[in-house]
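Understanding the architecture of this molecule
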Amino acid sequence: DTEVTQTPKHLVMGMTNKKSLKCEQHMGHRAMYWYKQKAKKPPELMFVYSYEKLSINESVPSRFSPECPNSSLLNLHLHALQPEDSALYLCASSQRREGPPMEKLFFGSGTQLSVL
Amino acid sequence: DQQVKQNSPSLSVQEGRISILNCDYTNSMFDYFLWYKKYPAEGPTFLISISSIKDKNEDGRFTVFLNKSAKHLSLHIVPSQPGDSAVYFCAASDSGGYQKVTFGTGTKLQVIP
């Protein structure tokens, strides 16, 4: 199983809503990532979890709250988002190597988020 | 400040010919480079990588060349096939922050049958 599964595939939410994005992998990977991709732009790193601990937060606004309940699951909780947060949110995983080089990332298909 | 640039947003190539996708970077600390391919409605998938200690890496129809002095890398696809039509992203990381991968802006490749 080399899949990273993301749900939902599409999400429309109002600025006062609370929603969550979910990501799951069963490859035994110990590093998981959230990326954000706007149209015609490259993916931008948001968060990295290593061994279920948050290791990188790229100065993401607090209205985005990541959670890693176990080694297979990664959530992104959304609250009070702005229309400019509309984007494709990609989850990825990789083997957790103790040092470089960077292992290749396995990406999910993403959640297309629209904030109204 | 875009540290990884792909200056050609799109490229069209005839089936069977060579596709050459280019990537330039500005951060001299980058020492590991990867190429990803992305189909519509799917996440990027890893294609090939190269370490800065090498100048070439091959995997089947795909070859990546690295010119460190020019801070330039290229992906060659030979022969190109219609199934190669996708957006290709160049990505880079450095040993100090190796989990922080910086992606380029992408090149949309169309292979014409």
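All of the points below concern the structure found in this document. (Residues numbered from 1 in each chain as written. Chains lettered and ligands numbered in written order. Predicted model: local features only at pLDDT ≥ 70, side-chain atom pairs only at ≥ 80, totals over all residues. Heavy atoms only, no water.)

1. Describing the state of the cysteines
As a reminder, the rule being used: Pairs of cysteine sulfur atoms within 2.5 Å are identified as disulfides in what follows. Under the DSSP-based scheme used, a helix requires at least four consecutive residues in state H or I and a strand at least two consecutive residues in state E, with every element numbered from the N terminus. Here the term buried applies to any residue with accessible area under 20% of the maximum for its type, exposed to any over 50%, and partly exposed to those in between, with areas from a 1.4 Å probe on protein chains only.
Per the stated rule, a full pass over the model turns up 2 disulfides over all chains. Through a disulfide, C23 of chain A is tied to C91 of chain A; the S-S separation comes to 1.8 Å. Its S-S torsion of about -70 degrees marks the bond between C23 of chain A and C91 of chain A as left-handed, since a negative value means left-handed. Here C23 of chain A, found in strand β3 (residues 18-25), pairs with C91 of chain A, found in strand β9 (residues 87-94); they are 68 residues apart in sequence, far enough to count as distant. Exposure remark for C91 of chain A: the relative accessible area of 0% places this residue in the buried category. Disulfide pairing places C23 of chain B opposite C90 of chain B at an S-S distance of 2.1 Å. Note on the C23 of chain B and C90 of chain B pair: the S-S dihedral is about -70 degrees, so by sign convention the disulfide is left-handed. Taken together, the residues span a long stretch of sequence, with C23 of chain B in strand β3 (residues 19-25) and C90 of chain B in strand β9 (residues 86-93) at a distance of 67 residues. Judged by its relative accessible area of 0%, C90 of chain B is buried.

2. A word on the pattern of salt bridges
Residue and element names in this part refer to chain A. For the record, the criterion: Salt bridges are defined by distance alone: a side-chain nitrogen of Lys or Arg within 4 Å of a carboxyl oxygen of Asp or Glu.
In total, this model carries 5 salt bridges over all chains according to the counting rule given. The shortest N-O distance in the salt bridge between D85 and R63 comes to 2.7 Å. With a gap of 22 residues between them, D85 in the loop between β8 (73-79) and β9 and R63 in the loop between β6 (53-57) and β7 (64-70) connect regions that are remote in the sequence.

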